[in-house]
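Now for the letters of each chain:
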Amino acid sequence: MKNRIVIISLIISSFILIQLPQSGYAIDKVIIVKGQVFNDGNSNGVRDGKEKGLKDILISNGTDIVKTDKNGLYYIKANIGESIFPILPSEYTWSRSTTKVVNANFLYLDPNDKNIKDTISWLIPVLKTEVAKSFNVGAIGDIQVDNAEELSYAAKSIFSELNNRNDISFNLMLGDLVNDKVSLLPIMRDMMDQLPSYSWTLVGNHDRNTDNPLFMNDAFNRLNGSDNYAFNYGKAHFIVLNNVFATDKKSYEGRINDKQLQFLRNDLSYVSKEKTIVISQHIPMVATRNNKEVLDLVKDYANVLILSGHTHTVSRHFFKHPNIQELGAGATCGNWWRGEKDTNGIPNALMQCGTPRGYFVVNFEDDKYSFRFKGVGLDDNKQMALTTDSNRIVVNVFGAGDSTDVSIKIDDAEWVKMNRKKDVDPTVLAIVELNHAKIFPTKGNTLNPLRKRNSSHLWEVARQKSSSPKTSVVLIKAQDRFGLNVTQKFLLYE
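What counts, and at which threshold
- Residues numbered from 1 in each chain as written.
- Predicted model: local features only at pLDDT ≥ 70, side-chain atom pairs only at ≥ 80, totals over all residues.
- Heavy atoms only, no water.
- Helix = DSSP H or I, 4+ residues; strand = E, 2+ residues; numbered from the N terminus.
- 1 Å grid on protein atoms, 1.4 Å probe; cavity = no way out; pocket = protein on both sides within 12 Å on 5 of 7 lines; lining within 4 Å.
- Points joined across faces, edges and corners; volume = space filled by probe spheres on them.
- Phe/Tyr/Trp six-rings, centres within 6.5 Å; stacked < 30°, edge-to-face > 60°.
- Buried < 20%, exposed > 50% of the residue type's maximum accessible area, 1.4 Å probe, protein only.
- Lys NZ or Arg CZ within 6 Å of the ring centre and 35° of its normal.

Draft legend 1. Up close: unusual backbone geometry. Cis rather than trans, the peptide bond between F440 and P441 has omega equal to 0°. Here P441 shows up in the loop between α7 (426-436) and β27 (458-462). For W336, which is not glycine, the phi torsion reads 55° and is therefore positive. Tracing the backbone through its elements, the reader meets W336 in the loop between β19 (324-329) and β20 (358-365). Although it is not a glycine, D366 adopts a positive phi angle of roughly 55°. Here D366 shows up in the loop between β20 and β21 (368-375).

Laid out in structure tokens, this is it:
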């Protein structure tokens, strides 16, 4: 038995030795990071003589949290592959940055850096700023570019649209910026740098460097600073978590590990229960293996919004706690940049749930929030799609869920409550049938691989047949207590 243990130990040791040359360090190598958070009045990134340090600013390594002393000084230990970051109060912001990706300001302890020292000095220059009472956040799901052609699609669609918006304070990029091509990550960061608003990024399963099994997130963190962190903005507290954990080189699962749970406990101990908590992660919380451990930590907060991507469908998920909901933001690449191209040469890529390529804009007003869907390239009022057949009117409300009430009003008639229906979206079904008939894809286009799968946000009502054709004004309203309140008008001639 003793010999077997020795053999197994040698095998494990050999595996570690084989893997380590990529970094040159033991994975548990401890680095000491010390420095100062200071008020950088002239925004030059250097602490000049009269610039004072700031006390009680939180500094974290992704697990532990320490406070700066009365002079703004801090001292913290971390392992190779971890990141150091401040959790700044809402009244402070970074004073100097070479990028608009805010978490890229963080200090990543790069396992590929052969010259990294055992002790690192890191200064954090900040400026006082006005605390926003009302602000908008872009919840941007999977852009997931794979090649130069798809980079062009992203530039001409989602990035061009965001570049023309001045009403968004910052974007939360919800993972899968690229499609297993980490070499494209610098280009994606360059596109984010062109936007008028700042961005915070998190890692998706397709943003990982699977050739480095010990540090799969090294390429992402080298550019983006960290994949686990927290920050404050307005009256809300934002927490970003990497919940993608490898089960093999390519396979993975949604999970929050013990260090992250400890970070959550430590972080939330400084956050008032009256604050709105926003958790962003790639894989939906509803599909995260140990989600109960996370939800138990935030269940006593007034409002908890969870934002996620990954599924390429828009969805809403509710948990047993009435103050917690999850919004699956869908994908700005839609169904992986597939399908018939529009007049701009960009694939329609309708999502499986019947939602166009798009994202959500979340508005925070003091301690409350609301949200609206925004189809890329579509009018802001496009919140739903209406279709008819001989027996019914069907409405797909893109941001709705099982707690949403949807009503219809035709001309001067009374409002009528519509019935939620689990079914395939009619437009999706039409594309599926065109695919089967070999009509799609047409020349120069790609197949949108839609299936006959139910959408989670369809409503229907029986049609009232008219004796003769006429034009009708149709109003649809959808609202719930979780932040959705949209109305859209349609004209029907039948």
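This is not the end of the story, as more comes after the structure.
Draft legend 2. Inspection of the layout of surface pockets at higher detail. Computed from the structure, the largest pocket encloses a volume of approximately 800 Å³. G81, E82, N217, F245 and N257 are the residues nearest the centre of the largest pocket, which is lined by 28 residues in total. Residue assignment for the lining of the largest pocket shows that the elements contributing at least two residues are α4 (218-224), β14 (244-246) and α5 (258-268). Per-element accounting of the lining of the largest pocket gives the leading share, 3 residues, to β14.

Draft legend 3. A look at the packing of aromatic side chains. What the rule picks out here adds up to 23 aromatic pairs. Seen from their ring centres, W94 and W122 are 6.1 Å apart, and the 45° between their planes marks the pair as tilted. Separated by 28 residues along the polypeptide, W94 in strand β6 (residues 92-94) and W122 in strand β8 (residues 119-128) bring together distant segments of the chain. On the basis of relative accessibility, which here comes to 12%, the residue W122 falls in the buried class. Here the aromatic rings of F106 and Y229 are separated by 5.4 Å at their centres, their planes lie at 75°, and the arrangement is edge-to-face. Of this pair, F106 sits in the loop between β6 and β7 (107-108) while Y229 sits in strand β12 (residues 229-233), and the two are 123 residues apart along the sequence. Note on F106: relative accessible area 6%, which makes it buried. We classify Y229 as buried; its relative accessible area is 0%. Here the basic side chain of K100 rests over the ring of Y198, its NZ or CZ set 5.9 Å away from the ring centre. The cationic tip of R255 hangs over the ring face of F245; the distance from NZ or CZ to the ring centre is 4.3 Å.

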